[in-house]
Amino acid sequence: MRIIIFGPPGAGKGTQAKKVAEHFGIIHLSTGKMFRDAINEGTELGKIVKFIIDEGQLVPDQTVVDMVEETIAGEEYKKGYIIDGFPRTVEQAVAFDNMLERRNEAVDAFISLYAPDDELIQRLLARGEGRSDDTEEKIKTRLEVYKKETAPVMEHYQQAGLFRSVDGTGTVDEIFQRILSAMPEK
Ligand code: AMP
């Protein structure tokens, strides 16, 4: 089972992806977390992406695509995964389609969480994870980048018949139940 969890910054992708992964016994893959780990470990990749992430901008498509391709080739990903934070551009979505096709695999569901902007901003300011990109200024940039570069990804999965829209407001458990209800019948 391969699931994409999608939505603007602050929509709750990470929180929900973790629950979904536990529920189905699949891996939670977060490209943002992979980059933050690389930064903390001081790897070459970390050095390349640090400034971009601190600015709230997107890491170049090829860098993300290569990282995802290498990661999902791992044996433990065969049982399935929920990917959070990718694809973030239409180019990444197309590259993901192609890489899955080469592997004889496909996406089963694209779950899109939505919430009003003021709630997204409040959540990000309140989350207190000490992220360098959770300042008011960087949050504004990230929401703009989302609207301009990432939101068009929805159309890509709508055309593929995989798009499921889920209300991302309410309690963590309410949202989780909505996600389960939105999953396609197997
Ligand atoms: P996230 O944890 O998903 O909010 O990601 C944090 C930051 O990592 C983003 O603001 C981007 O700078 C970078 N990032 C994560 N995933 C991607 C991606 N798929 N494409 C480009 N940049 C990404």
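Since the model is a prediction, treat every value here as computed from it, not as a measurement.

What counts, and where the lines are drawn
- Residues numbered from 1 in each chain as written.
- Predicted model: local features only at pLDDT ≥ 70, side-chain atom pairs only at ≥ 80, totals over all residues.
- Heavy atoms only, no water.
- Pairing = 2+ DSSP bridges.
- Helix = DSSP H or I, 4+ residues; strand = E, 2+ residues; numbered from the N terminus.
- Axes fitted to C-alpha atoms, helices over the stretch in contact; angles between N-to-C directions.
- Contact = heavy atoms within 4.5 Å.
- Near = heavy atom within 4 Å.
- Polar contact = N/O pair within 3.5 Å; in protein donor to acceptor, adjacent residues only side chain to side chain.
- Nonpolar A, V, L, I, M, F, W, Y, C, P; charged D, E, K, R; others polar.
- Salt bridge = Lys/Arg side-chain N within 4 Å of Asp/Glu carboxyl O.
- Buried < 20%, exposed > 50% of the residue type's maximum accessible area, 1.4 Å probe, protein only.
- Parallel < 35°, antiparallel > 145°, perpendicular 65-115°, else oblique.
- Left-handed = near helix turned anticlockwise from the far one by under 90°.

Here we come to the sheet that holds strand β4 (residues 109-114). With parallel pairing, five strands are arranged side by side in an open sheet as β2-β3-β1-β4-β5. Edge positions in the sheet fall to β2 (27-30) and β5 (163-167), since each has one partner strand and no second. The mean angle between the axes of side-by-side strands here comes to 25°, regardless of whether they run parallel or antiparallel. The pairing of strand β1 (residues 2-6) with β4 spans four bridges and is parallel. Across the sheet, the residue bridging to phenylalanine 6 is serine 112, located in β4. The strands touched by helix α2 (residues 31-41) are β2 and β3 (81-84); relative to β2, the strand with the most contacts, the crossing angle is about 65°.

Cis rather than trans, the peptide bond between phenylalanine 86 and proline 87 has omega equal to -5°. Tracing the sequence through the fold places proline 87 in the loop between β3 and α5 (90-102). The phi angle at asparagine 104 is positive, at roughly 60°, despite the residue not being glycine. Turning to its location among the elements, asparagine 104 is positioned in the loop between α5 and β4.

This part covers the site of the ligand. Around the ligand, the surrounding shell holds 16 residues, and the nearest of these are Thr31, Arg36, Gln57, Gly85 and Gln92. Valine 59 places a polar main-chain atom, nitrogen or oxygen, 3.1 Å from a nitrogen atom of the ligand. Arginine 131 places a side-chain nitrogen or oxygen 3.1 Å from an oxygen atom of the ligand. For the shell around the ligand, a count of residues per class yields six nonpolar, five polar and five charged.

Another point: the pattern of salt bridges. As enumerated under the stated definition, the model contains 19 salt bridges in all. Salt-bridge contacts for glutamate 22 lead to lysine 18; the nearest nitrogen and oxygen are separated by 3.8 Å. Highlighted residues: glutamate 22 and lysine 18, both in helix α1 (residues 13-24), separated by four residues, approximately one helical turn. Here arginine 103 makes a salt bridge to glutamate 105, at a shortest N to O gap of 3.0 Å. Residue classification places arginine 103 among the partly exposed positions, given a relative accessible area of 30%. Judged by its relative accessible area of 21%, glutamate 105 is partly exposed. Each of Arg127, Glu129, Arg131, Asp133, Asp134 and Arg142 takes part in one network of salt bridges that share partners.

The N-to-C vectors of helix α6 (residues 117-126) and helix α7 (residues 136-150) enclose an angle of 135°; their axes lie 11 Å apart at closest approach. When the interaxial angle is binned, α6 and α7 end up oblique. The two elements α6 and α7 meet at a crossing, and its hand is right-handed. Facing α6, whose interface residues are Asp117, Leu120, Ile121, Leu124 and Leu125, α7 presents Glu136, Ile139, Arg142, Leu143 and Lys147. Tallied by class, residues from the contact of α6 with α7 come to six nonpolar, no polar and four charged.

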